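Architecture at a glance
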Amino acid sequence: MNYNYHTHTYRCHHASGTPEEYIIRAISCGIKFMGFSDHAPFICSNGTESGYRVPMNEAKDYCNEIKELAEKYKEKLDLKVGYEMEYYPENFDTMLKTVKESGAEYLILGQHFIDDESIAPEHTICETDSIEKLKSYVSRIVDGIESGVFSYIAHPDIFNYKNESQTYRQEMRKICAASRENAIPLEINFLGIRDGRIYPNKEFLKLAGEENSPITFGFDAHSVESAYDGESLKKAKEAVSTYHLNYIGKPEIIQI
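Attention here is on the structure that accompanies the text. Remember, it's a predicted structure, so these values are computed and weren't measured experimentally.

Our focus in this paragraph is the overall build of the protein chain. Along the protein chain, the regular secondary structure elements total eight helices and eight strands. When each of the 256 residues of the protein chain is scored for burial, the buried share is 55%. Put simply, of all contacts in the protein chain between residues at least 6 apart along the chain, 78% involve residues at least 24 apart. Accessible area for the protein chain stands at about 10,900 Å²; split by element, carbon and sulfur atoms hold 46% of it. Charged side chains of the protein chain number 28 positive and 41 negative; the gap between the two group centres comes to 5 Å.

This is the structure in structure tokens:
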């Protein structure tokens, strides 16, 4: 594996280490294509900013810092700067304008909340038996895929639905089908593997295999060490084989 486009920075307040330390670690492990995709800045409808995002007043500094490092390491690494961003229908145009103006080059879709987190603060990893929330989550992902601005979908299986599996399969299959129809990859997320989270979800991987959805990998690095994660890579490769996944390797980056 010589690529990774899912890397965070200290600016999101839940990652450690400097961007340059991540770059040095990645290069030493054979990474040739890399992207920083920290959590996109967003001002909620109540005027607050989430504590897990790049602050609005640091957005341009974040992009400029990564672009300077891209120039410094250009002989060894193709480095891009972007964001991991939600798809909020009511706010999407504003969010997209903000990240473009800050200097971002690409986006990955990571739906941590169904809507503006000041209105709907429950994280999508929180256990729920709500069919309505499941359908809303799926709708956000499918609409995000069809928007044409996201290079791939981070941890598409993060939604923690604890109810009968038929509804889960019926709804989540829509994500897998949209991925295939629009040629937008779904990520096997290495943070989920490292931390033993609910994702990668075996039932979701079965669906992705059945639908022949394009699959890519992402380290989801929040520490210097995880800028390359060989142990999780082994497990991700096993999943590709087990579930007959359409692994495409490095995703095509959509310039925003």
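Glancing now at the pairing of strand β6 (residues 186-189). Of the two faces of β6, the one holding L186 and I188 and the one holding E187 and N189 are both buried throughout. Where β6 meets strand β7 (residues 214-218), four bridges bridge the pair, whose relative direction is parallel. For N189, the partnering residue across the bridge sits in β7 and is G218.

The next thing to look at is the side chain of H155. Positionally, H155 belongs in the loop between β5 (152-153) and α5 (165-182). Residue classification places H155 among the buried positions, given a relative accessible area of 2%. A polar contact is formed between the side chain of H155 and the side chain of H112, at a distance of 3.4 Å. Excluding residues within four positions of it along the chain, H155 makes contact with H6, E84, G110, Q111, H112, Y137, E187, N189, Y199 and D220.

A few words now on the environment of N46. Summarising the element assignment, N46 is placed in the loop between β2 (33-39) and α2 (59-72). Assessed through its relative accessible area of 49%, N46 is described here as partly exposed. When the C-alpha atoms of N46 and S118 are compared, they prove to be 6.6 Å apart, with 72 residues separating the residues in sequence. In terms of polar contacts, N46 uses its side chain to reach the side chain of T48, at 2.7 Å.

Moving on: the side chain of T7. On the secondary structure map, T7 appears in the loop between β1 (3-4) and α1 (19-28). Of the polar contacts made by the side chain of T7, one reaches the backbone oxygen of G35; its length is 3.0 Å. With residues near it in sequence (within four places) discarded, T7 still touches Y22, M34, G35, F36, S37, D38 and A221.

The tally for this structure, following the rule as stated, stands at 21 salt bridges. Between R25 and E225 there is a salt bridge, with the nearest N and O atoms lying 3.1 Å from each other. Pair noted here: R25 is in helix α1 and E225 is in the loop between β7 and α8 (230-242), with a separation of 200 residues, a long-range link. Note that R169 is salt-bridged to E210, the shortest N-O span being 3.2 Å. Here R169, found in helix α5, pairs with E210, found in helix α7 (residues 202-211); they are 41 residues apart in sequence, far enough to count as distant. Judged by its relative accessible area of 46%, E210 is partly exposed. Here the salt bridges share partners, and the residues they tie into one network are R169, R173, R180, E203, K206, E210 and E211.

Reading the values: rules and limits
Residues numbered from 1 in each chain as written. Predicted model: local features only at pLDDT ≥ 70, side-chain atom pairs only at ≥ 80, totals over all residues. Heavy atoms only, no water. Helix = DSSP H or I, 4+ residues; strand = E, 2+ residues; numbered from the N terminus. Buried < 20%, exposed > 50% of the residue type's maximum accessible area, 1.4 Å probe, protein only. Contact = heavy atoms within 4.5 Å. Areas by Shrake-Rupley, 256 points an atom, 1.4 Å probe, with all protein chains shown as cover. Lys, Arg positive; Asp, Glu negative; His and termini not counted. Charge placed at Lys NZ, Arg CZ, Asp CG, Glu CD. Pairing = 2+ DSSP bridges. Polar contact = N/O pair within 3.5 Å; in protein donor to acceptor, adjacent residues only side chain to side chain. Salt bridge = Lys/Arg side-chain N within 4 Å of Asp/Glu carboxyl O.

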